[in-house]
Amino acid sequence: LKMELLLSTSEPQTINLKFRRADDYPIDLYYLMDLSYSMKDDLENVKNLGTELMREMAKITSDFKIGFGSFVEKTVMPYVSTTPLRMMNPCLGNHNCTSPFSYKNVLSLTKDGKKFNNLVSQQQISGNLDSPEGGFDAIMQVAVCEKIIGWRNVTRLLVFSTDAGFHFAGDGKLGGIVLPNDGQCHLEGNMYTMSHYYDYPSIAHLVQKLNDHNIQTIFAVTEEFQPVYKELKNLIPKSAVGTLSSNSSNVIKLILDAYNSLSSEVTLEHGKLPDGVSIQYKSFCKNGVTQTGDDGRRCFNISIGDEVNFHISIESQKCLSKDEIIKIKPLGFNEELVINLKFICDCQCSSGGEANSKKCFDGNGTFECGACKCNEGRIGRVCECSKDEVRTEDLDANCRKDNGTDICSNNGDCVCGTCECKKRENPAEVYSGKYCECDNFNCDRSNNNLCGGHGRCECRKCICDANYTGSACDCSLDTTPCLAKNRQICNGRGECKCGSCRCTGSKFQGPTCELCPTCPGVCAEHKDCVQCRAFQSGDKKDTCEKECSNFNMIKVKDRDKLPQPTDQSFPLTHCKERDANDCWFYFTFSVRNDTNEVVVVEQLECPAGPDIIPIVAGVVAGIVMIGLALLLIWKLLMIIHDRREFAKFEKEKLNAKWDTGENPIYKSAVTTVVNPKYEGK
């Protein structure tokens, strides 16, 4: 698309550019894969990628091509081992790997998904020594070798799949490679042959080549390297980053999500502008969203069939002698708008000028277009000076400050020995002064505000409002932010400068110097000094006068006479401390009129000594009572035991059964003897 635009000096011209996302737009996708050993399990899942991706992309476009390439690393030390054995098989152990290589174009863009599967299935994993890979070499060759890769003038997607970081320009010095990458195609037999000769490309070089060839990059990387590639994405326009699973099982979903994200965004860019020509964008996106400045170049969330508008304002500050060309195009697309700029140097109103007008110093010029065009030999705003009457050097001398070399401080024109200051594009910004040496826009800034927003700029110096000072009026004189909870400025531990506290001691911190992580506290801090001055004891008894003279001390008779917080208009702390004899002493610490004041109870509160007689009587009585209690308990237990035994005996007695038969082993004690001769007579 071409158009012609007429430009007058300082008169911007605006054109309206419409963008509509087309349906069924052709897509070329090249899958560039890291084939180092850590990607072994990923290769298995990519082998069926062709037909599956073809089936999914058919839902988006009817014209889709896919290609495949692989990369490992430069084939020099220290990136790979160059021993003959390791060049044959760079993998350790019994793993069978192919020789290392820099970049290989396995399959140029094709519509045959089965061919993609077959060729990818034949690929073997390789290996290298260091963790970063040589992917930038591969991206450069994929971008610049258009004919070999088979890129068409359609949407071009490059999927970069890896689980590691990347080498970039300068890293080649490790292998003795110092020649910068030339950005040319060096594929012979589909292999990159100059990896040992040229260094890795820089990021800026890659960005240029990817933009020149309208390639949109999708970085499919593992979770570990997401932060690195997200930073890289911010440097490469029209690129996306997706999280690749450990075995690349989600690669199709990743590609579809990234494509939808990229295709739903449009960003305009232009080539190099001619000298003095500027361009401004204003976008009118979906849902009434309007953006200006750098954001005016882009719109997001564009669906198929949606139309967005861009207002492009072009202005020239100079009248160029020849025509110039500007090219504007959306990133990632081949379509572009070519604008032929023609410059108008003479105004149309000059034809109706009034010759020898009285408005031009009694007829010394022609009054045209609201200004005087002086006759030959006359100069000045209204042609009031004659070149013959005064030398130009003399006139210019009146326009130089302090006999310097700059005429009107380079901010104006010397007209008849008087400086006429230039006009600024912003009417609020003006040059002033006899030599145009002053202005109201070049003063110091704070938070991107002129004079911090708290003053006015006069002759490049800030005149600050009340309560502000500093070269940029960024220093507040208000001490309210410095007040601590005790109403002291910076808690008495610092000074308030520009509305913030600068603590004097390194141990005090915080916005009001109230934080002290290592401080023991007010009571513990002054304990030893109060003890030595009030009671002539403690650790500082010998150095009391030297170390403990930083406060005024007042003694009171009892604790009721100590000051109370409700009675004071100044901060007060009550303290209770114990000395080496376990005696308590009470005091208060306060700051009154910047003077430390301690009020202490003059009598120590020591615990009374023990009464021996009651203690002894109590101990004896306790022992006796405990003995009696133990005897009673023992007696009670014995009674219970005896009763149980007697009851048991009675029970057994009742249950006993006595047998009245003769005892077989019983022999009577009586023996009867019969006299055989006794006849009973």
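Just so you know, these numbers come straight off a predicted model, no measurement behind them.

J.: Would you mind showing me how to read the overall build of the chain here?
T.: When helices and strands are counted, the chain shows 13 helices and 37 strands. Its C-alpha atoms give the chain a radius of gyration of 51 Å, clearly above 26 Å, the size a compact globule of 681 residues would have. Projected onto the principal axes, the alpha-carbon positions of the chain cover approximately 210 × 90 × 55 Å. Of all 681 residues assigned to the chain, the portion counted as buried reaches 38%. For the chain, the share of sequence-separated contacts (at least 6 apart) that also reach a separation of at least 24 residues comes to 59%. Summed over its atoms, the accessible surface of the chain is roughly 40,200 Å², and 50% of this surface lies on carbon and sulfur atoms. Taken as two groups, the 79 positive and 90 negative side-chain charges of the chain have centres that lie 6 Å from each other.

J.: Quick question: what am I supposed to make of the UniProt feature "transmembrane region" (unreviewed entry) in the chain here?
T.: Feature annotation in UniProt assigns "transmembrane region" (unreviewed entry) to the following positions: residues 612-634. When the span residues 612-634 is considered, its composition is 100% helix and 0% strand, and the gap between its end C-alpha atoms is 33 Å.

J.: It is not clear to me how unusual backbone geometry should be interpreted in this structure. Could you clarify?
T.: For residues besides glycine, phi is generally negative; the peptide bonds are generally trans as well. A cis amide bond, omega 5°, links M77 with the succeeding residue P78. Relative to the helices and strands, P78 resides in the loop between β4 (64-71) and α3 (84-88). Its identity as a non-glycine residue notwithstanding, C408 has a phi of 55°, on the positive side. Locating C408 in the fold gives a position in the loop between α10 (392-397) and β22 (412-415). With a phi close to 65°, N448 is a non-glycine residue in the positive phi region. Within the element layout of this structure, N448 appears in the loop between β26 (445-446) and β27 (449-450).

J.: I would appreciate a short explanation of the environment of L7 in the present structure.
T.: If you trace the backbone, L7 turns up in strand β1 (residues 2-8). In contact with L7, other than residues within four places in its own chain, are Q13, I314, S316, L341, K342, F343 and I344.

J.: Explain the state of the cysteines here, please?
T.: A covalent bond bridging the sulfur atoms of two cysteines is what the word disulfide describes. One pass over the structure, following the stated rule, counts 20 disulfides. One disulfide bridge connects C451 with C462, the sulfur atoms lying 2.1 Å from each other. Note on the C451 and C462 pair: the S-S dihedral is about -95°, so by sign convention the disulfide is left-handed. Residue C451 is found in the loop between β27 and β28 (455-458), and its partner C462 is found in strand β29 (residues 461-464); the two are separated by eleven residues along the sequence. With relative accessibility at 0%, the residue C451 sits in the buried group. Here C523 connects covalently by a disulfide to C575, the sulfurs 2.1 Å from one another.

J.: Looking at this structure, I do not really get the pairing of strand β12 (residues 277-284). What am I missing?
T.: Put simply, side chains in a regular strand alternate between the two faces of the sheet. Burial along β12 is one-sided: the face carrying V277, I279, Y281 and S283 is buried and the face carrying S278, Q280, K282 and F284 is not. Across three bridges, β12 lies against strand β13 (residues 290-292) in antiparallel orientation. Counterpart to K282 in the pairing with β13 is T292.

J.: What is the right way to look at the sheet that holds strand β36 (residues 584-592) in this model?
T.: Strand order in the open sheet made by the four strands is β34-β37-β36-β35, with mixed pairing throughout. Two strands in the sheet have a free side with no partner beyond their single neighbour: β34 (552-556) and β35 (572-578). When strand polarity is set aside, the average angle formed by the axes of neighbouring strands in this sheet is 25°. Sheet analysis places β36 next to strand β37 (residues 595-601), joined by six bridges and oriented antiparallel.

J.: Just checking my understanding: could you explain the environment of E368 for this structure?
T.: As for its placement among the helices and strands, E368 is situated in strand β18 (residues 365-368). E368 sits in the buried class, given a relative accessible area of 17%. Considered as a pair, E368 and L107 are 261 residues apart in the sequence and their alpha carbons are 70 Å apart.

J.: Where do I start with the confidence of the model for the chain in this structure?
T.: A low pLDDT score tells you not to read the predicted coordinates there in detail. Taken residue by residue, the chain gives an average pLDDT of 85. The fraction at 70 or more is 94%. Taken element by element, the predicted model of the chain shows its lowest mean pLDDT in α10 (67) and its highest in helix α5 (residues 135-144) (95).

Conventions used here
Residues numbered from 1 in each chain as written. Predicted model: local features only at pLDDT ≥ 70, side-chain atom pairs only at ≥ 80, totals over all residues. Heavy atoms only, no water. Helix = DSSP H or I, 4+ residues; strand = E, 2+ residues; numbered from the N terminus. Rg over C-alpha atoms; globule rule 2.2 N^0.38 Å. Buried < 20%, exposed > 50% of the residue type's maximum accessible area, 1.4 Å probe, protein only. Contact = heavy atoms within 4.5 Å. Areas by Shrake-Rupley, 256 points an atom, 1.4 Å probe, with all protein chains shown as cover. Lys, Arg positive; Asp, Glu negative; His and termini not counted. Charge placed at Lys NZ, Arg CZ, Asp CG, Glu CD. UniProt positions renumbered as here; feature names shortened; annotations may be inferred. Disulfide = S-S within 2.5 Å. Pairing = 2+ DSSP bridges. Axes fitted to C-alpha atoms, helices over the stretch in contact; angles between N-to-C directions. pLDDT = per-residue confidence, 0-100.

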